[in-house]
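Chain and residue survey
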Amino acid sequence: MFQRILVANRGEIALRVIRACKELDIEVVAVFSEADRAAPYLEQADRAICIGRGPSVDSYLNRPRIIAAAEVADVQAIHPGYGFLSENPDFAEVCRSSGFEFIGPPHEAIRKMGLKTEAKQIAAAAQVACVPGSDGVIANDAQALGLARQIGFPVLIKAAAGGGGKGMRLCSDERSLASALRTARGEAEAAFKNPSVYLEKFLERPRHVEVQILADTRDQIVHCWDRDCTLQRRHQKLVEEAPASTLTEEVRARMGAAAVRLARAAGYVNAGTCEFLVDADQNFYFIEVNARIQVEHPVTEMVTGIDLVKQQIRIAAGEPLPFRQEDIAIRGHSIQCRINSEDPENDFRPSPGRITGLRIPGGPGVRWDSHIQVGYSVPPFYDSLLGKLIVHAPTRLEAIATMRRALDELVIEGIRTTIPLHRKIMRNPDFLAGRVDTTWVERVWTPRPVAAR
Ligand code: ADP
């Protein structure tokens, strides 16, 4: 096992990894930007090293500085968290060629999964159904038109290198296809430095369900069942649940098996997620693999009892998985609400600033994964996640009741947050009955034409 690990990230996920290291008796080195210098979680690390100025390109995205910090601190491994460099195959490769284990998949697997077109081809070859669409990257407008006519409008033009809900363009008729392709290519080039786009049938009102995978270096691959992440805004998840309560047991088992097949075909190692869209008839279609730990991983931890971050570290150290598929059971129901520093009353405008008051919920079935404290200033440079409120109860309705109670206890003063929106969602009859889809939050809570996203 490693003696010392560096966490190449910030905020709640940095603290999450620090906590896992402490429990594994591993020394942990944090890095921070000048904007995070006063962040309270840095005190939990054994050592903290400044890697540059506030903007991410100068710090959390700056590979030479992170590698230099790893060398100075003499660590054996680097945990990338999520976001930043976590799915950058070059970074994974540089870590390993510099003598540090990268706590994530092999760089070859990250590279394959990073191009969604390639991931879909691997899925198709592994007999995993994909959303109907182009076989690969769109070569020209004529090809796109032919294909769109064949699968039928509306279609979605997506960046091959896309992520984070960015680089998607909805197109509802032939007339707007050429301009939608042009805009999508421009956006993809600007956001991902890769103008390649592909085309998919736009599924009407699907649910988003994903499967958690764990794969060790000894050819063992298991899935840890599913999560429902249907509640999204601008393709960004807001509320996540495990298990996905609308799936039949038969579909759940097939989806888990499909995810394992796909991971095997991709040569996948470590933790990862296969994402699917599910239609009203429970047909599921693969959309992409996330080759990292995800923000919503705690709901899976709550229902399976598996600490996914510790497993990531153990796998990277070469240990075999300590369980088999048949040992992984689902117990009860878990829900997570993402608490962001955004104003839901004001088109979710970011609300950085100083936290002047904080009351953290507790009691049975409540978990709070967050780096914030009173007096902490939310820097303007990074994403707006303040914390994740997670609950666990025997049934979905009991979990919702616990979440309502915990949201009422949670108070964050000084900045605007998404807490009021979550309080309303947890009391909404359609949410309670599971009558939601991926466009529901925008249709019901932030009324704007979907095509304008
Ligand atoms: P990203 O990598 O940017 O997160 P994904 O491919 O995972 O992009 O899609 C994110 C979300 O966008 C999905 O959860 C779903 O809500 C929506 N979406 C993606 N593809 C489709 C599709 N073909 N039809 C309908 N909605 C889609």
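Computed from a predicted structure; not experimentally measured.

Side note on the overall build of the protein chain
Along its length, the protein chain carries 14 helices and 22 strands. A compact globule built from 453 residues should have a C-alpha radius of gyration of about 22 Å, and the protein chain, at 21 Å, falls within 12% of that. Across its three principal axes, the protein chain shows a C-alpha extent of roughly 60 × 50 × 45 Å. Excluding contacts between residues fewer than 6 apart, the proportion of contacts in the protein chain whose partners are at least 24 apart in sequence is 66%. Counting only carbon and sulfur atoms, one obtains 49% of the accessible surface of the protein chain, whose full area is about 18000 Å².

Brief notes about the site of the ligand
Taken together, 21 residues lie near the ligand, and Lys116, Gly165, His208, Gln232 and Glu288 sit nearest. Between the ligand and histidine 208 there is a distance of 2.7 Å, counted from an oxygen atom to a side-chain nitrogen or oxygen. Here the ligand loses 95% of its free accessible area of 550 Å² to cover by the protein chains. Of all elements in the fold, only strand E6 (155–159), strand E8 (197–201), strand E12 (270–278) and strand E13 (284–290) reach the threshold of two or more residues within the shell around the ligand.

A look at the packing of aromatic side chains
Across all of its chains, the model carries eight aromatic pairs by this definition. Pairing phenylalanine 91 with phenylalanine 102 gives two aromatic rings, centres 6.1 Å apart and planes at 85 degrees, and the pair type is edge-to-face. Here phenylalanine 102 lies in strand E5 (residues 101–102) and phenylalanine 91 lies in helix H3 (residues 89–97), a separation of 11 residues in the sequence. Comparing phenylalanine 91 with phenylalanine 102, the two get one shared label, buried.

Some details on the sheet that holds strand E10 (residues 221–233)
What the eight strands build is an open sheet, ordered E13-E12-E9-E10-E11-E14-E21-E19; its pairing is antiparallel. The open sheet has two free edges, formed respectively by E13 and strand E19 (366–370), since each of these has just one partner strand. If you compare each strand with its neighbour and ignore which way they point, the axes differ by 25 degrees on average. Examined bridge by bridge, strand E9 (residues 207–215) and E10 share six bridges and lie antiparallel to one another. Each bridged residue has a counterpart across the sheet, and for valine 211 the counterpart in E10 is aspartate 226. Sheet contacts for helix H8 (residues 249–265): E9, E10, E12 and E13; angle to E10, the most-contacted strand, approximately 110 degrees.

As for the packing of helix H2 (residues 63–73) against H3
Here H2 crosses H3 at 30 degrees, and the two axes come no closer than 11 Å. One element, H2, and the other, H3, form an angle in the roughly parallel class. As H2 runs across H3, the sense of the crossing is right-handed. Contacts from Arg63, Ile66 and Ile67 in H2 reach Asp90, Phe91, Val94 and Cys95 in H3. Residue composition of the contact of H2 with H3, grouped by class: five nonpolar, no polar and two charged.

Details of unusual backbone geometry
Residue phenylalanine 153 is joined to proline 154 through a cis peptide bond whose omega torsion reads -5 degrees. Looking at the secondary structure, you find proline 154 in the loop between helix H6 (141–151) and E6. In this structure, the amide linkage connecting alanine 242 to the following residue, proline 243, adopts the cis form with an omega of -5 degrees. Locating proline 243 in the fold gives a position in the loop between strand E11 (236–242) and H8.

Brief notes about helix H1 (residues 11–23)
The terminal C-alpha atoms of H1 lie 19 Å apart, and with 13 residues this matches the ideal 18 Å at 1.5 Å per residue to within 8%. Looking only at H1, the buried set comprises Gly11, Glu12, Ile13, Ala14, Leu15, Arg16, Val17, Ile18, Ala20 and Cys21. Trailing H1 by a residue or two, aspartate 25 shows a phi angle of about 65 degrees, which is positive.

A closer look at the nonpolar core
Formed by 126 residues in total, the largest nonpolar core has its most connected members in Leu6, Leu214, Ile313, Ile412 and Met426. In terms of nonpolar packing, the next biggest core, distinct from the first, is built from 16 residues, Ala144, Val155, Ala159 and Leu177 among them.

Considerations on the state of the cysteines
Counted under the stated rule, the structure contains zero disulfides. Here cysteine 50 is not cross-linked by a disulfide; its sulfur's nearest cysteine counterpart is in cysteine 95, at 19 Å. Given a relative accessible area of 31%, cysteine 50 falls into the partly exposed group. Counting only cysteine sulfurs, cysteine 274 is the nearest neighbor of cysteine 224, a cysteine outside any disulfide, at a range of 12 Å.

Remarks on the pairing of E10
When you tally the buried positions in E10, you get 13 out of 13 residues, the bulk of the element. In sequence, E9 turns back onto E10 through a hairpin of five residues, with aspartate 219 there showing a positive phi of about 75 degrees. Sheet analysis places E10 next to E11, joined by four bridges and oriented antiparallel. Within E11, the residue paired with aspartate 228 across the bridge is glutamate 241. Hairpin connection of E10 to E11: two residues between the antiparallel strands, including arginine 234 at a positive phi of 50 degrees.

So, the domain arrangement of the protein chain
Each assigned domain of the protein chain is listed here: domain 1 (4–103), domain 2 (132–201) and domain 3 (207–444). A separation of 28 Å is found between the C-alpha centroids of domain 2 and domain 3. With six residues of domain 2 in contact, the opposing surface of domain 3 contributes five residues. For the interface between domain 2 and domain 3, the tally reads zero salt bridges. Scanning the region where domain 2 abuts domain 3 turns up zero residue pairs in polar contact (both at pLDDT 80 or more). Across the side of domain 2 that touches domain 3, the residue classes tally to two nonpolar, two polar and two charged.

How each quantity is defined
- Residues numbered from 1 in each chain as written.
- Predicted model: local features only at pLDDT ≥ 70, side-chain atom pairs only at ≥ 80, totals over all residues.
- Heavy atoms only, no water.
- Helix = DSSP H or I, 4+ residues; strand = E, 2+ residues; numbered from the N terminus.
- Rg over C-alpha atoms; globule rule 2.2 N^0.38 Å.
- Contact = heavy atoms within 4.5 Å.
- Areas by Shrake-Rupley, 256 points an atom, 1.4 Å probe, with all protein chains shown as cover.
- Near = heavy atom within 4 Å.
- Polar contact = N/O pair within 3.5 Å; in protein donor to acceptor, adjacent residues only side chain to side chain.
- Phe/Tyr/Trp six-rings, centres within 6.5 Å; stacked < 30°, edge-to-face > 60°.
- Buried < 20%, exposed > 50% of the residue type's maximum accessible area, 1.4 Å probe, protein only.
- Pairing = 2+ DSSP bridges.
- Axes fitted to C-alpha atoms, helices over the stretch in contact; angles between N-to-C directions.
- Parallel < 35°, antiparallel > 145°, perpendicular 65-115°, else oblique.
- Left-handed = near helix turned anticlockwise from the far one by under 90°.
- Nonpolar A, V, L, I, M, F, W, Y, C, P; charged D, E, K, R; others polar.
- Expected span 1.5 Å × (residues − 1).
- Core = buried A, V, L, I, M, F, W, Y, C linked by side-chain atoms within 4.5 Å.
- Disulfide = S-S within 2.5 Å.
- Domains from an automatic or database assignment.
- Salt bridge = Lys/Arg side-chain N within 4 Å of Asp/Glu carboxyl O.

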